[in-house]
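Okay, here's what each chain looks like letter by letter:
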Amino acid sequence: MPASYAYLGPEGTFTEVALRTLPESATRQLVPMVSVPAALDAVRAGEAEAAFVPIENSVEGGITTTIDQLAVGEPLMIYREVLLSITFALLVRPGTKLSDIKTVSAHPAAQPQVRNWMRDHLPDVVWESAASNADGARLVQEGRYDAAFAGEFAAARYGLEALETEIHDAENAQTRFVLVGRPARPAAPTGADKTSVVIWQRDDHPGALLELLQEFAVRGVNLMLLQSRPTGEGIGNYCFAIDAEGHISDRRVAEALTGLKRVCPQVRFLGSYPQADVDPKDMRAPRAGTSDDEFAAASDWLARCQDGRF
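Chains are numbered independently. Their residues run from 1 in the order of the written sequence. Whole-chain, interface and lining totals are the exception, using all residues; otherwise, since this is a predicted model, local features are given only for residues with pLDDT of at least 70 and side-chain atom pairs are given and counted only at 80 or more. Remark: hydrogens and water are excluded; side-chain values derive from all non-hydrogen atoms of the structure.

1. Some words on the nonpolar core
Heads up, the condition is: Within this scheme, the nonpolar core is defined by two criteria: the residues are buried Ala, Val, Leu, Ile, Met, Phe, Trp, Tyr or Cys, and they are joined through side-chain atoms within 4.5 Å. Exposure is judged per residue with a 1.4 Å probe applied to protein chains only, and the accessible area is read against the type maximum: over 50% gives exposed, under 20% gives buried, and values in between give partly exposed. Should any heavy atoms of two residues lie within 4.5 Å, those residues are considered in contact.
Counting 30 residues, the largest nonpolar core has Phe52, Phe88, Leu90, Val104, Met118, Trp127 and Phe149 as the members making the most contacts within it. Those residues in contact with Phe52 that lie beyond four places of it in its chain are Ala6, Tyr7, Leu8, Thr15, Ala18, Leu19, Leu22, Val82, Phe177, Val178 and Leu179. One finds Met33, Leu40, Ile55 and Tyr273 within the second-largest nonpolar core, a separate group that totals 26 residues.

Shown next as structure tokens:
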């Protein structure tokens, strides 16, 4: 398999900056792709070892394009995640003033993060979506648009200048990126892990979602993300993307997934992987009755009952 990582390009995206924080990126060929689907399809086709794509931001939640692409098609698996603090610069061609700007471009996920700033400084400007923030900068370089919201680091790459910097509506905004590859055995648990799945309801009835969530709740599994996505099979038909605290090898997580598999027509496992920027020693202990030892003790008790040894 080629020793390459595909990522949401072109060069100069936040995705590229986040990818370069991974030590192994120094030993891989980094290949920019035009879209998240293109990056993931490169892995499915065997053209790249892995893809690195955004999956969630702290302002708008899950990035639907990525979630939807992982939920369908040939299965892929998440191996790593990276958190990157995000702040935007307004990039323009040299000599452009704020009053000259009539159109601005960026990735759609950027809009909620700069909406209030635009209202206050560029109230009459037309927003044009781009495949990525760096692609918006490229389109400004080509003269298609007047300005782009992107990382300040992209200015030099596209011959632009930062007219404004440190633009963000929400303090401490972050985007989560994931390294995605073909399915394989998950890495060993670290003690500070996350498990991602997509689940489908069997049918729509009162309490249906509650029944699914109880599979986690009764086993003491904390949910870190819950996002509904339409299945494409008509209004009211949804699947749910879930990030749960813990590793698939943890008994409480394994039993929750087993319970979901019994009652859901489809469960897609997307991986168990280390949480970014979390030290295992800072993790809280499992709720009483949900540790691996307690699950093992309960199983042993049941076996003794079945053997008449109680």
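Still more ground to cover, so stick around.
2. Description of the environment of Pro123
Let me state the cut-off plainly: In this description a helix means any DSSP run of H or I spanning at least four residues, a strand means any run of E spanning at least two, and both kinds are numbered starting from the N terminus.
For Pro123, the position within the fold is in the loop between α4 (111–121) and β8 (126–129). Judged by relative accessible area, Pro123 falls into the exposed class, the value being 56%. Separated by 21 residues in sequence, Pro123 and Lys102 place their C-alpha atoms 9.9 Å apart.

3. Concerning the UniProt feature "domain: ACT" (unreviewed entry) in the chain
Which entries qualify depends on this criterion: UniProt positions are given in the numbering used here, feature names are shortened, and annotations may be inferred rather than shown by experiment.
In this structure's numbering, the residues bearing the UniProt feature "domain: ACT" (unreviewed entry) are residues 197–274. Helix makes up 29% of residues 197–274 and strand 37%. Its end C-alpha atoms lie 15 Å apart.

4. Remarks on the packing of aromatic side chains
Selection rule: Pairing of aromatic side chains here covers Phe, Tyr and the six-membered ring of Trp, requires ring centres within 6.5 Å, and sorts the geometry by plane angle: under 30 degrees stacked, over 60 edge-to-face, intermediate tilted.
According to the stated counting rule, one finds 5 aromatic pairs in the structure shown. Ring geometry for Trp117 and Phe149: centres 5.9 Å apart, planes at 90°, overall edge-to-face. Placement of Trp117 in helix α4 and of Phe149 in strand β9 (residues 147–150) is noted, with a sequence separation of 32 residues between them. Under the relative-accessibility criterion, Phe149 is labelled buried at 0%. Pairing Trp127 with Phe149 gives two aromatic rings, centres 6.1 Å apart and planes at 20°, and the pair type is stacked. With Trp127 in strand β8 and Phe149 in strand β9, this pair connects stretches of sequence that are 22 residues apart. Judged by relative accessible area, Trp127 falls into the buried class, the value being 15%. Among the aromatic side chains, those forming a connected cluster through ring pairs are Phe14, Phe88 and Phe153.

5. Focus on the domain arrangement of the chain
Put simply, the rule reads: Note that the domain bounds were set by an automatic or database domain assignment.
Taken domain by domain, the chain holds domain 1 (88–167) and domain 2 (185–310). Centre-to-centre, using C-alpha coordinates, domain 1 lies 42 Å away from domain 2.

6. Things to note about the packing of helix α7 (residues 208–217) against helix α8 (residues 251–263)
As a reminder of what qualifies: Interaxial angle, 0 to 180 degrees, is taken between N-to-C directions of lines fitted to C-alpha atoms, where a helix line uses only the stretch in contact. An angle counts as roughly parallel when it lies under 35 degrees, as roughly antiparallel when it exceeds 145, as roughly perpendicular when it falls between 65 and 115, and as oblique in every other case. Take the far helix as the reference: if the near one is turned anticlockwise from it by less than a right angle, the crossing is left-handed, and if turned clockwise, right-handed.
Two elements in contact, α7 and α8, have axes separated by 8 Å at closest approach and are oriented at 155°. In terms of orientation, α7 lies roughly antiparallel with respect to α8. Judged by the twist between their axes, the crossing of α7 over α8 is right-handed. Along the contact surface, α7 presents Leu212, Glu215 and Phe216, while α8 presents Ala256, Gly259, Leu260, Arg262 and Val263.

7. As for the UniProt feature "domain: Prephenate dehydratase" (unreviewed entry) in the chain
Within this structure's numbering, the places UniProt gives as "domain: Prephenate dehydratase" (unreviewed entry) are residues 4–182. Taken end to end, residues 4–182 is 26% helix and 34% strand, and its two terminal C-alpha atoms sit 13 Å from one another.

8. Focus on the sheet that holds strand β13 (residues 223–230)
Put simply, the test is: By definition, two strands form a pair when at least two bridges between them are found by DSSP.
In space, the 4 strands of this open sheet follow the order β13-β14-β12-β15, with antiparallel pairing throughout. Edge positions in the sheet fall to β13 and β15 (266–274), since each of these pairs with one other strand and no more. Taking the axes of each pair of neighbouring strands and ignoring which way they run, one obtains an average angle of 15° across the sheet. Examined bridge by bridge, strand β12 (residues 193–200) and strand β14 (residues 238–245) share 7 bridges and lie antiparallel to one another. Of the residues in β14, the one forming a bridge with Lys194 is Glu245.

9. Comments concerning the packing of helix α2 (residues 36–44) against helix α3 (residues 64–71)
Heads up, the rule is: Any residue that is not Ala, Val, Leu, Ile, Met, Phe, Trp, Tyr, Cys, Pro, Asp, Glu, Lys or Arg is counted as polar, Gly included; the first ten are nonpolar and the last four charged.
Put simply, α2 and α3 touch, their axes get as near as 9 Å, and they point 30° apart. As the angle between them shows, α2 and α3 are arranged roughly parallel. Both α2 and α3 take part in a crossing whose hand is right-handed. From α2, Val36, Pro37, Leu40 and Arg44 reach across to α3, where they touch Thr65, Thr66, Gln69 and Leu70. Here the contact of α2 with α3 is built from residues that sort into 4 nonpolar, 3 polar and 1 charged.

10. Comments concerning the pairing of β9
Neither face of β9 is exposed, since Ala147 and Phe149 on one face and Ala148 and Ala150 on the opposite face are all buried. Bridge count for strand β6 (residues 88–92) against β9 is 4 bridges, and the pairing is antiparallel. Counterpart to Ala89 in the pairing with β9 is Ala150. For strand β7 (residues 103–106) and β9, the ladder comprises 2 bridges, and the chain directions are parallel. What sits directly across from Ser105, in β9, is Ala148.

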